[in-house]
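Structure at a glance
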Amino acid sequence: MAKLDPVKYSEFLHQIGKGMELDFHEGGVLWQDRVFLEFPLFYAPPEIILNGWIHSLLNYSDYVAIAPNERNKEILSKNLKQLAKMLPDFDDKEHSISLYSNATPLRVRIEKNRKSQKFHVKFNSHKTIFPSYEIDLGRLQPSVINGKVLRSSYDTQILHDNGRVITAFITCNQEYDTWVESSLPFSLSVDVGVYVKTRATPDVGGERVVIEAKEQEAGLYRAHLTENRKRLFCGYPTNFGKNGKNLYHQYHIVSLLYLARSSDIDDATRKKMLKYAHLWMSYTEKREKNGDHFVPYEDILSTLNSHKFIIKYKSWEELLQWSKAL
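Residues numbered from 1 in each chain as written. Predicted model: local features only at pLDDT ≥ 70, side-chain atom pairs only at ≥ 80, totals over all residues. Heavy atoms only, no water.

Moving on to the overall build of the chain. Within the chain, the regular secondary structure consists of seven helices and 18 strands. In terms of overall dimensions, the chain is globule-like: its C-alpha atoms have a radius of gyration of 22 Å, near the 20 Å expected for 326 residues. Dimensions of the chain, computed from the C-alpha atoms along their principal axes, are close to 65 × 50 × 45 Å. Put simply, the chain has 326 residues, and 49% of those count as buried. With the model as given, the accessible surface of the chain reaches about 16,000 Å², and the carbon-plus-sulfur share is 50%. Averaging the locations of the 44 positively and 40 negatively charged side chains of the chain gives two centres separated by 2 Å. (Helix = DSSP H or I, 4+ residues; strand = E, 2+ residues; numbered from the N terminus. Rg over C-alpha atoms; globule rule 2.2 N^0.38 Å. Buried < 20%, exposed > 50% of the residue type's maximum accessible area, 1.4 Å probe, protein only. Areas by Shrake-Rupley, 256 points an atom, 1.4 Å probe, with all protein chains shown as cover. Lys, Arg positive; Asp, Glu negative; His and termini not counted. Charge placed at Lys NZ, Arg CZ, Asp CG, Glu CD.)

Encoded structure:
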């Protein structure tokens, strides 16, 4: 309806825009005015899902184009610049693929010193623009619906406590250093997991990392979970779960070219987007030679346009040639 008559439905569009602009810390999906989240987490730093962020920007930019104001133009500009800055965080050179998100829930075993021992998890931000968080490990309790226990797998929480050992989910997020703290000695261990291209999270197994908490001061013991970050999955490669074909890696590529061409951005931001789009295209070519299958770029562009309010580019070949000419 709004697509046919944007003037008539301007208030409806305005309300949708205000919903997207609701701050994360108030229950919304806009984090620090710079990142649109696919969904919010409240017991861990936000997980940034790359295709969700990009999809939001593709559609929010249409909203800004038909109902511009200083606030939404600022939000769009900050998001586009932040996206370009953070693209290296979504590049997995080891597996030649883009990452689906920047966070992975780790199943951590904590050996306690005392049955009643309590723990806190501190997420210290690498970037001044993002806040740090501190979470009581025992605060989040699972929901029970129709007798079934339901959990949010990306939130920080205890899965099981037998009095001696706690099993917990603690997220490894690329934007944060993660520490576990307690008033008594303890040790923690985590199996780093194994990459399986059809999974959305690491498979069980892999190297076991054991970390002994160190006494920092009287009554404070800390274990640095992400001290050996390179050994952990902090964000997982985009998987091949759509009928054996990889859809979202291709979506990342096509969408970056679309945003780079259609957006009012500075040259450095545009070049950064193009750099990673072309790098990830080379990953597609490499993996296709090794027998992996990807959704064609033309199909991705068609799907992208089916969700757009304003359609600017219908030809993948034209979009590609434009990107190569710069």
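Further notes follow.
Right, let's talk about the pattern of salt bridges for a bit. Where charged atoms from two side chains of opposite charge approach closely, those side chains can pair. Enumeration according to the criterion identifies 20 salt bridges in this entry. With a shortest N-O distance of 2.9 Å, Asp33 and Arg71 are connected by a salt bridge. Note that Asp33 is positioned in the loop between strand S1 (30–31) and strand S2 (35–36) and Arg71 in helix H3 (residues 70–86), a separation of 38 residues in sequence. On the accessibility criterion, Arg71 (34% relative accessible area) is partly exposed. Close ionic contact of Lys112 with Asp161 constitutes a salt bridge, the shortest N to O distance being 3.1 Å. Of this pair, Lys112 sits in the loop between strand S5 (103–111) and strand S6 (120–125) while Asp161 sits in strand S10 (residues 157–161), placing them 49 residues apart in sequence. Here the salt bridges do not stand alone but share partners, grouping Asp33, Arg71, Glu74 and Lys78 into one network. (Salt bridge = Lys/Arg side-chain N within 4 Å of Asp/Glu carboxyl O.)

Okay, the state of the cysteines next. Following the criterion strictly, the structure yields one disulfide and no others. Between Cys172 and Cys234 runs a disulfide, and the two sulfur atoms are separated by 1.8 Å. Taking the sign of the torsion about the S-S bond as the criterion, the disulfide between Cys172 and Cys234, at about 45°, is right-handed. With Cys172 in strand S11 (residues 165–173) and Cys234 in the loop between strand S16 (220–224) and strand S17 (245–246), this residue pair connects regions lying 62 residues apart in the sequence. Across the pair, Cys234 and Cys172 agree in class, each one buried. (Disulfide = S-S within 2.5 Å.)

Turning next to the pairing of strand S13 (residues 187–191). Among the five residues in S13, four count as buried, and that is most of the element. Bridge count between S5 and S13: four bridges; the pairing is antiparallel. Among the inter-strand pairings, Arg109 is bridged to a residue of S13, identified as Ser189. In terms of strand pairing, S13 meets strand S14 (residues 208–212) through five bridges, oriented antiparallel. Its bridge partner being in S14, Ser189 is matched across the sheet by Val210. (Pairing = 2+ DSSP bridges.)

What follows deals with unusual backbone geometry. A negative phi angle is the norm for most residues apart from glycine, just as the trans form is the norm for most peptide bonds. One non-glycine residue, Asn146, lies in positive phi territory at about 55°. Along the polypeptide, Asn146 turns up in the loop between strand S8 (143–145) and strand S9 (148–150). Positive phi values are uncommon outside glycine, yet Asn243 reaches one of about 55°.

For the structure shown, the criterion picks out 14 aromatic pairs. On the basis of an interplanar angle of 10° and a centroid distance of 4.1 Å, the ring pair of Trp31 and Phe130 is categorised as stacked. You can see Trp31 sitting in strand S1 and its partner Phe130 sitting in the loop between S6 and strand S7 (133–136), a full 99 residues away along the chain. For Trp31, a relative accessible area of 1% puts it in the buried group. When its relative accessible area of 3% is taken as the criterion, Phe130 is described as buried. A centroid spacing of 6.5 Å and a plane angle of 90° characterise the contact between Phe123 and Tyr176, whose relative ring orientation is edge-to-face. (Phe/Tyr/Trp six-rings, centres within 6.5 Å; stacked < 30°, edge-to-face > 60°.)

Overall, antiparallel pairing links the five strands, which are arranged S7-S6-S12-S16-S15 in an open sheet. Two strands bound the open sheet, and with one partner strand each, they are S7 and strand S15 (214–217). Put simply, the sheet's adjacent strands are angled 30° from each other on average, direction ignored. Taken together, the four bridges between strand S12 (residues 176–182) and S16 define a ladder with antiparallel strand orientation. (Axes fitted to C-alpha atoms, helices over the stretch in contact; angles between N-to-C directions.)

The next point concerns the side chain of Lys308. Here Lys308 shows up in the loop between helix H6 (297–306) and helix H7 (316–325). Lys308 sits in the buried class, given a relative accessible area of 5%. Looking at Lys308, its side chain comes within polar contact range of the main-chain oxygen of Leu58, at 2.8 Å. (Polar contact = N/O pair within 3.5 Å; in protein donor to acceptor, adjacent residues only side chain to side chain.)

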